[in-house]
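Structural characterization, general
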Amino acid sequence: MYHNTIDHEHSDILIIDDTPANLQLLSSILKDRGYEVRAVVSGEMGLIAARTVMPDLILLDVKMPEMDGYEVCKELKDDAKLRDIPVIFISSLEETLDKVKAFHVGGVDYITKPFQVEEVIARVETQLTLYNVYRQAQQAATQRERERLARDLHDAVSQTLFSVSMEAETLLYQHQDNPRIIEPSLRHIYKLSQAALAEMRLLFFELRSEALAKTKLNDLLTHLAHKLGARTNANVSLNTEEIPPLAPQVHTAYYRIAQEALNNIITHAEATDVRIDLTHGADGIKLLIEDNGKGFCLNDVPADRFGLLNMRERAEIINANLQIDSMPGRGTVIALLWNPSNGGRPNADY
Ligand SMILES: Nc1ncnc2c1ncn2[C@@H]1O[C@H](COP(=O)(O)OP(=O)(O)O)[C@@H](O)[C@H]1O
Ligand SMILES: [Mg+2]
């Protein structure tokens, strides 16, 4: 007897198989268990059916004329909306399944004709359970991300706006007695409101990744620099050159690495000067982030810290060179270099 805690009653299963007899047999096994079943006789129809209404699971025959099961599976996995749906391959003893290929294209399991009723049900239920657990985990992750954004909105934006209104209110009382006080306060208000706008834009990018992808790196760095300027007492100097359009993953990597580095400056550095340079030279596109803060010893970073690790990982994925130099009392330098011409890691140190 197969037990699990999740109710699969209304799960929608799509069967793609060119042999009507198989379709009928599988359909009746699964319908008897209370599943919604849709059956189609070709890969092309299967893809249309899956795109029209997303199934919870797909049973996919390996050997079909026109598009075979491997091709169908590959197309499913290339479609961002459909890629997570579990695919179980169906093969018969004659048409042996290439298991390596089946897993390689994204299949999660297989069943062999002639079908054993209990086996079909057990494999289907296992995959439905795993898929449900996965979806719940995704929802939880999305929820956590929302909570983080809500906290950032509160901490950053509300607090900055609160400071702005306090400053403005003080100004209202003071301006008649002491006109000279107005200029520095106005400057401060200007800086704070710029920072609030920058924070709002950054949070907006977190919510909409397409917007992040479409915004020039120079502009993103400007927002990050404004945020840094408002959250710390450091003088921030930002120098950016026009750079050629970057591939999306390179663009994102540059942004995320800059974001991580600047967040570290906000939380750890206590710097008075920060320099951010984005330059485009013969050796590639270089991002340099330098602070004169308290620095740290790379060997002493505890293993449960992920910011620097994430930066390294992101650089590695785009095949860029990332150098992190820091010493207690001597500040920190982060240098990221990516060369578009070879698309790869520059050999020489720079
Ligand atoms: N710019 C910096 N100035 C001073 N210390 C830093 C700086 N960047 C990183 N660090 C140190 O390196 C540690 C690891 O950083 P990171 O991997 O980003 O983790 P986290 O920021 O979560 O602590 C930090 O805890 C801090 O001690
Ligand atoms: Mg960090």
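About the thresholds
- Residues numbered from 1 in each chain as written.
- Chains lettered and ligands numbered in written order.
- Predicted model: local features only at pLDDT ≥ 70, side-chain atom pairs only at ≥ 80, totals over all residues.
- Pairing = 2+ DSSP bridges.
- Helix = DSSP H or I, 4+ residues; strand = E, 2+ residues; numbered from the N terminus.
- Axes fitted to C-alpha atoms, helices over the stretch in contact; angles between N-to-C directions.
- Near = placed C-beta within 6 Å.
- Nonpolar A, V, L, I, M, F, W, Y, C, P; charged D, E, K, R; others polar.
- Domains from an automatic or database assignment.
- Parallel < 35°, antiparallel > 145°, perpendicular 65-115°, else oblique.
- Left-handed = near helix turned anticlockwise from the far one by under 90°.
- Contact = placed C-beta atoms within 7 Å.

1. Description of the sheet that holds strand 9 (residues 321-326)
Across the sheet, five strands lie side by side as 6-7-8-10-9; this open sheet has mixed pairing. Single-partner strands in this sheet number two, and they are strand 6 (235-240) and strand 9. Strand after strand, the sheet turns through a mean of 5° between neighbouring axes, direction not considered. Of the strand pairs in this sheet, strand 7 (residues 273-281) and strand 8 (residues 284-291) are connected by eight bridges, and their pairing is antiparallel.

2. Looking at the site of ligand 1
If you check the shell around ligand 1, you find 16 residues, and the closest are Asn-264, His-268, Ala-269, Arg-305 and Gly-307. Taken together, the elements giving at least two residues each to the shell around ligand 1 come down to helix 9 (248-269) and helix 10 (307-317). Residues that form the shell around ligand 1 fall into these classes: six nonpolar, seven polar and three charged.

3. With respect to the domain arrangement of the chain
Each assigned domain of the chain is listed here: domain 1 (12-115) and domain 2 (227-350). Spacing between the C-alpha centres of domain 1 and domain 2 amounts to 46 Å.

4. Section: the packing of helix 9 against helix 10
Between helix 9 and helix 10, whose axes approach to 9 Å, the crossing angle comes to 160°. For the element pair helix 9 / helix 10, the angle class is roughly antiparallel. Here helix 9 and helix 10 pass one another in a crossing that is left-handed. Residues Gln-249, Ala-253, Arg-256, Ile-257, Glu-260, Ala-261 and Asn-264 of helix 9 lie in contact with helix 10, whose contacting residues are Gly-307, Asn-310, Met-311, Arg-314, Ala-315 and Ile-317. When the residues that make up the contact of helix 9 with helix 10 are grouped by side-chain class, the tally is six nonpolar, four polar and three charged.

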